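# Residue-level structural notes
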Amino acid sequence: MNDGGRHTEPLDVHLILRRDGETEPEVLLSRRAGSVYAAGLWHLPSGHLDGPHEDVVTALVRETREETDIVVDPADVHAAVTVHHRSPGGGARVGFFCEVRRWQGTPRIMEPNVCDGMDWFPLDDLPIPMVAYCRAGLDSYRAGARLAVHFQEPGDPIADDRTADRLRLVPDRGAGGGMPDPAVRDFAERAVGRITDWADVSWARESSRIWRARGAGGGVWFVKIHQNDRFHDREVTAYRNWVPGLGAAAPRLVAADHELRAVVVTAVPGRPLHGAVHTPVEQQSIFRSIGQLAAAIHRSTRRRPYGPGDDAPLEKLERHLDAARPHLGPGDEEFIRTVAKRAEALPVLDAVVTHGDFQLRNLLLADDGSLHLVDFERSEEGPAVRDFARLSDAWANRPDPYESLMVGYGRPLTQIEEERLAVESALDSLSGIQYGRRMGDPELVERGRRTLARLRAAHRCTSTSPFLGSSERLTP
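Residues numbered from 1 in each chain as written. Predicted model: local features only at pLDDT ≥ 70, side-chain atom pairs only at ≥ 80, totals over all residues. Heavy atoms only, no water.

By the definition in use, this model includes six aromatic pairs. Consider the rings of W103 and W120, whose centres lie 5.9 Å apart with planes at 25°: the pair is stacked. One end of the pair, W103, is in the loop between β6 (92-100) and β7 (115-122); the other, W120, is in strand β7, with 17 residues separating them in the sequence. Between Y239 and F376 the ring centres are 5.2 Å apart and the planes differ by 70°, which places this aromatic pair in the edge-to-face class. Highlighted residues: Y239 in helix α4 (residues 229-241) and F376 in the loop between β19 (371-373) and β20 (380-382), separated in sequence by 137 residues. The pair Y239 / F376 is uniform in exposure class, with both members buried. (Phe/Tyr/Trp six-rings, centres within 6.5 Å; stacked < 30°, edge-to-face > 60°. Helix = DSSP H or I, 4+ residues; strand = E, 2+ residues; numbered from the N terminus. Buried < 20%, exposed > 50% of the residue type's maximum accessible area, 1.4 Å probe, protein only.)

Below, the structure is given as structure tokens:
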């Protein structure tokens, strides 16, 4: 035992009474008043354990009734986070923060001599001023942590002050409760400051690792770990070169770390277009905006001559066929080889920068109608029509979206571009089938098979274009 002696901290309990608000979760807070510690500051209903005879659940139920007049069943008390706290004066304590979502009665002030306010507040918009200790507990709770240390320094204010933020989250064993690894968290917090809330928003694939991070000051960012160096380099290069030209339509790169293969980017508003349902009028407006965005991408760098010699999809043809063959239908392989042979004979198209994964799930529509584009890890130079291959399902047998897209793009595709689009669509379908099979993503496999079936049907039914179909029918 060192000279400091044994710890003899008091134990206290804090009630996180949570309800669903109109737009987001809310918690009940009370304002301290009178001749008590931290008078005038907002705090959770709380109190000390009465003695060694009382456990934390019993204490929470008792304090809740004494301060708010509501009745909580002990079975409805759930552990949230434990905080080891030290006040600016040097006194330490251990606080047990517990969540309750079910109770009887209506909260009201029961101790007016020490409390002059009680109200519900959004969990992501807590009031000011607030006790720093209480705010630390709620920030830990929002971050999904189970244990935290909040040791204030002499001279720190009792009220929460973002410039004197002493909270340290103790990671869980393993994945960290949905948080990234400590090295990634440190990298992100060096870039944007302390992060109080991590939410795993990865796609349901082993290689996809993305978190939404909320900062102590209210900002929102996304932290992404790339599955390999190539994707990391592509995305960072895109963010540093041509993505800024898209303005508010794309995120901004905040920080990048090559060793971690990690980036921090700003958040943009909106929900993915994938799976969304819109009226025909809304759809025309959306696809016109998509066309405008595609045009902005393809004009962002200078064109250069491009030909079959540097065609990456063709270089991967045999490897992709070997991987996808168990999921190909009768005649699919022969059709794909015919398409590849046709690609070698097509006239050269100029190369431009492309997004590389230009599809509905990476296009976000905000409430104000603005369109935003995310995920640039597959960006590379190639024919401009490559960016339309993964959108082609959206206008299959429906010319209106295609026509609106071309209006926004500023010009129709040429006959050669349409044929090249058919080639790109077929090769991308093959790539999607083999990748989806390898990554356990049946949606990618199904989309690839569906696109191949559509291209083969068009090949059988038209003589105007041996792959895509009638250009007079598709081109506005």
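That shown, we press on.
The next point concerns the nonpolar core. What tends to happen in soluble globular proteins is that the nonpolar side chains get buried as a cluster. One finds L246, I290, L363, F376 and F388 to be the most contacted residues of the largest nonpolar core, which totals 40 residues. Within the residue set of this core, elements represented by two or more residues are α4, β14 (262-266), α5 (280-298), β17 (349-354), β18 (363-365), β19 and α9 (399-409). The dominant element in this core, judged by the number of residues it contributes, is α5, at seven residues. Look past the residues within four positions of F388 in its chain and what remains in contact with it is A294, H298, W395, L405, M406, Y409, L413 and L421. Core analysis: the next-biggest nonpolar cluster, separate from the first, contains 23 residues, V27, V83, M130 and Y133 among them. (Core = buried A, V, L, I, M, F, W, Y, C linked by side-chain atoms within 4.5 Å. Contact = heavy atoms within 4.5 Å.)

Counted under the stated rule, the structure contains three cavities of 30 Å³ or more. Surrounding the largest cavity, A389, R390, S392, D393, S425, D428, S429, G432, R447, G448 and T451 form its lining. Residue contributions to the lining of the largest cavity peak at four residues, all from helix α10 (residues 415-439). Of the residues that constitute the lining of the largest cavity, the class distribution is one nonpolar, six polar and four charged. Empty space within the second largest cavity amounts to approximately 60 Å³. Around the second largest cavity sit 13 residues that line it, and A132, H150, D160, R162 and D165 are the ones nearest its centre. Broken down by element, the residue count for the lining of the second largest cavity peaks at four residues, all from helix α2 (residues 132-142). Among the residues forming the lining of the second largest cavity, the class breakdown is four nonpolar, one polar and eight charged. (1 Å grid on protein atoms, 1.4 Å probe; cavity = no way out; pocket = protein on both sides within 12 Å on 5 of 7 lines; lining within 4 Å. Points joined across faces, edges and corners; volume = space filled by probe spheres on them. Nonpolar A, V, L, I, M, F, W, Y, C, P; charged D, E, K, R; others polar.)

Our next topic: helix α3 (residues 182-192). Every buried residue of α3 is listed here: V184, R185, F187 and A188. All buried residues of α3 lie within an arc of 160° about the axis, which places them on one face of the element. Residues of α3 that are buried make contact with β10 (195-200), β12 (220-225), β13 (253-257) and β14. (Arc of directions from axis to C-beta.)

So, on to the sheet that holds β18. Strands in a sheet are paired, the pairing made by backbone hydrogen bonds, and the direction either parallel or antiparallel. Judged by pairing direction, the sheet is antiparallel, and its three strands sit side by side in the order β15-β18-β19 without closing on themselves. With partners counted over all chains shown, the strands left at the sheet margins are β15 (271-272) and β19, one partner each. As paired strands, β18 and β19 are joined by three bridges and run antiparallel to one another. Looking at β19, one finds that L363 is bridged to L373. Here α5 sits on the sheet and contacts β18 and β19; the angle it forms with β19, its principal contact strand, is near 45°. (Pairing = 2+ DSSP bridges. Axes fitted to C-alpha atoms, helices over the stretch in contact; angles between N-to-C directions.)

Of note, A394 is situated in the loop between β20 and α9. Taking the C-alpha atoms as reference points, A394 and H274, separated by 120 residues in sequence, lie 9.9 Å from one another. What A394 contacts, discounting residues up to four positions off in sequence, is F287, L360 and P401.

It is the rolling of a water-molecule-sized probe over the atoms that shows where space remains empty. Roughly 630 Å³ of internal volume is contained in the second largest pocket. Broken down by secondary-structure element, the contributors of at least two residues to the lining of the second largest pocket are β1 (11-20), β2 (25-32), β4 (46-48), α1 (56-68), β6 and β7. For the lining of the second largest pocket, the residue count by class is 13 nonpolar, ten polar and eight charged.

The subject of this paragraph is the sheet that holds strand β11 (residues 209-215). If you trace the five strands from one edge of the open sheet to the other, you get β10-β11-β12-β14-β13, paired in antiparallel fashion. For this open sheet the edge positions go to β10 and β13, each flanked by a neighbour on one side alone. In this sheet, neighbouring strand axes are inclined to one another by 20° on average, regardless of whether the strands run parallel or antiparallel. Here β12 runs beside β14; their pairing, made up of five bridges, is antiparallel. Opposite F222, over in β14, you have V265 as the bridge partner. Its contacts with the sheet place α3 against β10, β12, β13 and β14, and it is angled at close to 145° to β13.

Here we take up the pattern of salt bridges. Under the counting rule described, the total for this entry stands at 39 salt bridges. Close ionic contact of E26 with R19 constitutes a salt bridge, the shortest N to O distance being 2.8 Å. A relative accessible area of 15% means that E26 is categorised as buried. The exposure class of R19 is partly exposed, given its relative accessible area of 34%. With a shortest N-O distance of 2.8 Å, D116 and R31 are connected by a salt bridge. Pair noted here: D116 is in strand β7 and R31 is in strand β2, with a separation of 85 residues, a long-range link. We classify R31 as partly exposed; its relative accessible area is 28%. Several salt bridges share partner residues, and in doing so they unite D124, R135, D139, R142, D160, D165 and R194 into one network. (Salt bridge = Lys/Arg side-chain N within 4 Å of Asp/Glu carboxyl O.)

All quantities given are derived from atomic positions and should not be read as evidence of function.
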